[in-house]
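Observations on the model geometry
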Amino acid sequence: MSTAAPSSSIARDLRLLGVAFAYELRKVTAWRAGFVVRELMRSLWRPLVMIFVYRAILVTPEARFGGFDFPALVAYLILAASFEKLLFHQRGLDLADQIFQGYVTKYLTMPVRFFVLALGRFAQHLAVQSSVVAFLWVVGSLLFPQWWPRVASASAALQAFVLVLLGSYCAFLMCFLVNVLAFWLEVVWTLSAMASFVFSFAAGVLVPVSAMPQSLAGALRWMFPYWAVSAPGELFLGRLGTQEFLRGVCVLLAWVVALELLRQLLWRRGLRRHIGAGV
Amino acid sequence: MDRAVSTGHNRAVSEVLIEMRGAGKRFRTWKRREGFGGFFVNLFAREWTEVAALEGIELEIRRGEFLGLIGANGAGKTTLLKCVSGITPVSSGSARMFGCDSFALRDEHKRRLSMVMGQRSQLWWDLPAIDSFRLLREIYSVPRSDFELRLRESAERLQVTDMLQRQLRNLSLGERMKMEIIGAFLHEPDVVFLDEPTIGLDLVSRETIRRYLVEINRARGVTIVLTSHDMEDIEETCRRLVILRQGRVLFDGGLVDLKARTYERRAIEVHLEPSSPGWDAAFEPLLEPFGARLERAAPLTLLFSVPAPAVQRFVPFLFERFAIRDLSIEHHPLDMIIRQIFQQREGGA
Ligand SMILES: Nc1ncnc2c1ncn2[C@@H]1O[C@H](COP(=O)(O)OP(=O)(O)OP(=O)(O)O)[C@@H](O)[C@H]1O
Ligand SMILES: [Mg+2]
């Protein structure tokens with residue numbers, strides 16, 4: 001009985017993932033006005049602000065900021081904002097709330113791994129955000145052809161995309177982990193706000209990591225946010241090569257393994273502690 | 001595994017599905033101090049207190065039983081369900097289900113149980129009920145044809161067929177609860193826990209739900225454990241009653257036996273005119289010759305328990321003492337019997 005279980009349970013998990021994905025997709029598109037505000041508007045303001053900041057810093061055409069001239073910075077900011085959109089973020093997972101309010105208890109009596117349902121959320125996020133980004137890119141490159149980033153080569157684009165996907169999965173695991181802390185802490189929201197701030201900084205969303213001081217940039221190259229946003233951006237523009245890409249894949253895979261192990265540990269511990277609050 | 005063995009025309013000795021042995025559950029909480037200073041004290045020196053929600057529970061539930069679990073607020077009913085269903089581990093003793101430790105249930109065990117909590121939706125809040133059911137169908141791997149059939153049948157019986165497409169958040173409390181119940185039975189579980197499923201529902205919905213539960217328990221032999229503060233729920237559905245008080249089992253037995261105990265007594269409820277003299281402790285000795293007891297005294301309502309043969313003499317006595325607007329004589333209602341159990345045990349302890 002238990003020997004046949006693994007393959008069939010993986011098949012079941014996959015099927016369930018498909019169903020959860022469809023369900024998440026329906027949910028996110030149900031509220032149309034909210035969808036436009038959330039997904040389109042919110043991604044625009046930060047790169048716009050940073051473009052004005054850099055305009056103010058780089059007054060002359062020859063002025064450089066960490067090796068970037070102004071048009072290169074604009075291209076980089078657009079890329080970084082696009083990739084950051086593909087990254088899973090804290091708002092996408094209301095797990096901490098579910099833990100606080102005791103809603104996870106229902107999954108404990110069901111023959112399902114909660115993580116599979118959460119993965120459905122991740123898949124939905126990727127699908128929706130990819131479409132949004134694709135849409136923004138079509139519109140943007142038509143409206144601002146002279147500013148829009150130009151890809152160095154097809155393989156550069158592919159490599160960048162692989163890094164972003166892996167990075168997004170790391171971000172998802174990270175979110176899950178922070179949320180799971182709700183089993184112990186009541187300050188998860190503060191923590192996750194902090195985490196997302198640190199994350200965007202380390203990812204180079206505001207300032208390219210290669211434009212940061214050497215020692216800091218060196219340290220950030222061991223972190224997954226850098227490989228999820230900043231590095232793919234530079235790969236895309238042809239500022240990094242295949243060697244760097246391979247290094248990025250290794251770093252990200254190591255992070256996936258580490259985060260996954262930690263996630264399993266914390267989830268198991270947390271459940272044991274869980275009291276299925278109230279009622 | 002022992003199979004169900006029939007040993008009589010209506011009594012079957014069936015396999016034990018749920019077993020608690022000396023089960024206890026303690027919750028550890030810390031006392032929050034107030035104010036700004038308290039905030040810092042909280043950070044460094046927490047004052048822990050332990051609450052014993054359950055203590056030394058011995059319980060055996062067999063296949064096909066319909067068990068009512070009652071007790072005051074905070075008696076430990078929900079905690080007991082959580083321990084048995086594996087939501088939370090027991091802190092002492094053991095809780096087992098399907099012969100397996102409750103907190104280590106595997107998927108094939110979980111497939112055989114389901115849980116409905118009156119206050120916590122088991123379905124997905126922002127989906128139409130039908131979508132939730134489809135997700136449940138995947139989770140429990142129910143064949144499509146069985147699923148459609150069961151869904152149609154139970155939706156008809158609970159009269160919610162035309163609401164399946166509506167988002168759960170837009171349904172009324174009663175409609176939502178019916179959906180929860182449909183969801184709980186879709187995968188034909190062997191054991192169903194219902195924690196206050198009728199809370200806040202109107203009379204008709206309650207009736208409908210009770211009838212549905214009784215029928216499904218009879219037809220499929222599903223084991224049902226129900227908690228409720230509504231004695232009518234218990235009376236009309238359960239065959240066995242477990243009363244909890246402060247985390248301990250106060251009573252465990254058949255509902256019929258329980259009622260038989262007071263079969264030779266009657267409950268007399270008296271409604272007084274506003275001008276009537278009220279109840280006075282001085283009347284207490286006057287009850288003794290009748291063998292009567294005062295069960296409850298509200299300003300304008302009195303409830304007595306009287307031996308059946310004494311009723312004929314007791315009623316004129318009441319009319320002599322009070323200005324009576326209305327009076328009824330009945331068998332003891334369940335809530336009165338239960339109150340008596342509480343009083344007896346308290347007196348004995
Ligand atoms: N998570 C928790 N942390 C601390 N104490 C708890 C927790 N859950 C329950 N308790 C305590 O355990 C006791 C039993 O609670 P439980 O919820 O089982 O009662 P109940 O019988 O379901 O009551 P009700 O009729 O109000 O639903 C109560 O004293 C309660 O305060
Ligand atoms: Mg309760």
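Residues numbered from 1 in each chain as written. Chains lettered and ligands numbered in written order. Predicted model: local features only at pLDDT ≥ 70, side-chain atom pairs only at ≥ 80, totals over all residues. Heavy atoms only, no water.

1. Overview of the overall build of chain A
Worth spelling out the cut-off: Helix and strand definitions follow DSSP, with helices as H or I runs of at least four residues and strands as E runs of at least two, each counted in order from the N terminus. For the radius of gyration, the atom set is restricted to C-alpha positions; the globular benchmark scales as 2.2 Å times the number of residues to the power 0.38. With a 1.4 Å probe rolled over the protein chains alone, any residue whose accessible area is under 20% of its type maximum counts as buried; one over 50% counts as exposed, and the rest are partly exposed. Any two residues whose heavy atoms approach within 4.5 Å at even a single point are treated as in contact. Method for areas: the Shrake-Rupley scheme with a 1.4 Å probe, in which residue coverage is limited to the protein chains shown. Charged residues are defined here as Lys and Arg on the positive side and Asp and Glu on the negative side; His and the ends of the chain fall outside this count. Each charge is placed at NZ for Lys, CZ for Arg, CG for Asp and CD for Glu.
The helix and strand tally for chain A stands at 11 helices and zero strands. Going from N to C terminus, chain A has its helices and strands arranged as α-α-α-α-α-α-α-α-α-α-α. The C-alpha radius of gyration computed for chain A amounts to 20 Å, which stays within 12% of the reference 19 Å derived for 279 residues, consistent with globular compactness. The principal-axis extents of the C-alpha atoms in chain A amount to approximately 70 × 40 × 40 Å. Taken over 279 residues, chain A has a buried fraction of 49%. In chain A, the share of contacts with a sequence separation of at least 24, taken over all contacts with a separation of at least 6, comes to 80%. Surface exposure of chain A reaches about 13,500 Å², of which carbon and sulfur atoms provide 71%. Distance between charge centroids for chain A: 6 Å, based on 24 positive and 12 negative side chains.

2. Some points on the site of ligand 1
The condition is simple: The cutoff for a nearby residue is simple: one of its non-hydrogen atoms must lie within 4 Å of the molecule or strand. Within 3.5 Å is the distance limit for a polar contact, defined as a pair of N or O atoms, with the added protein rule that one can donate a hydrogen and the other accept it, and that residues adjacent in sequence qualify only through two side-chain atoms.
Residues in close proximity to ligand 1 total 15 residues, the closest being Gly74, Lys77, Thr78, Thr79 and His229 of chain B. Surrounding ligand 1 is a set of residues that belongs to chains A and B. In this structure, Glu196 of chain B approaches ligand 1 through a side-chain N or O atom, which is 3.2 Å from an oxygen atom. For ligand 1, whose free accessible area comes to 630 Å², the fraction covered by protein is 75%.

3. Side note on the sheet that holds strand β15 (residues 301-307) of chain B
Residues and elements named next belong to chain B. Under the convention used in this document: Being paired, for any two strands, means DSSP has found at least two bridges between them. Axes here mean lines fitted to C-alpha atoms, for a helix over just the part in contact, with angles spanning 0 to 180 degrees between N-to-C directions.
Read across the open sheet, the four strands follow the order β14-β15-β13-β16; overall the sheet is antiparallel. The open sheet has two free edges, formed respectively by β14 (293-297) and β16 (324-331), since each of these has just one partner strand. Within the sheet, the average angular offset between the axes of one strand and its neighbour, ignoring direction, is 20°. Here β14 pairs with β15 via four bridges, running antiparallel. Among the inter-strand pairings, Leu294 is bridged to a residue of β15, identified as Phe304. Here helix α11 (residues 311-321) sits on the sheet in contact with β13 (265-272), β15 and β16, set at roughly 160° to β16.

4. A look at the packing of helix α4 (residues 129-139) of chain B against helix α5 (residues 144-157) of chain B
All names here are of chain B. The line we're drawing: Less than a right angle of anticlockwise turn of the near helix away from the far helix marks a crossing as left-handed, whereas a clockwise turn marks it as right-handed. Each residue is assigned to one class: nonpolar for Ala, Val, Leu, Ile, Met, Phe, Trp, Tyr, Cys and Pro, charged for Asp, Glu, Lys and Arg, and polar for all the others, Gly among them.
Orientation of α4 relative to α5, taken along the N-to-C sense of each, is 145°, at an axis distance of 11 Å. For the pair α4 and α5, the crossing hand works out as right-handed. On α5, the residues touching Ile130, Phe133, Arg134 and Arg137 of α4 are Arg144, Phe147 and Leu151. The residue inventory of the contact of α4 with α5, partitioned by class, reads four nonpolar, no polar and three charged.

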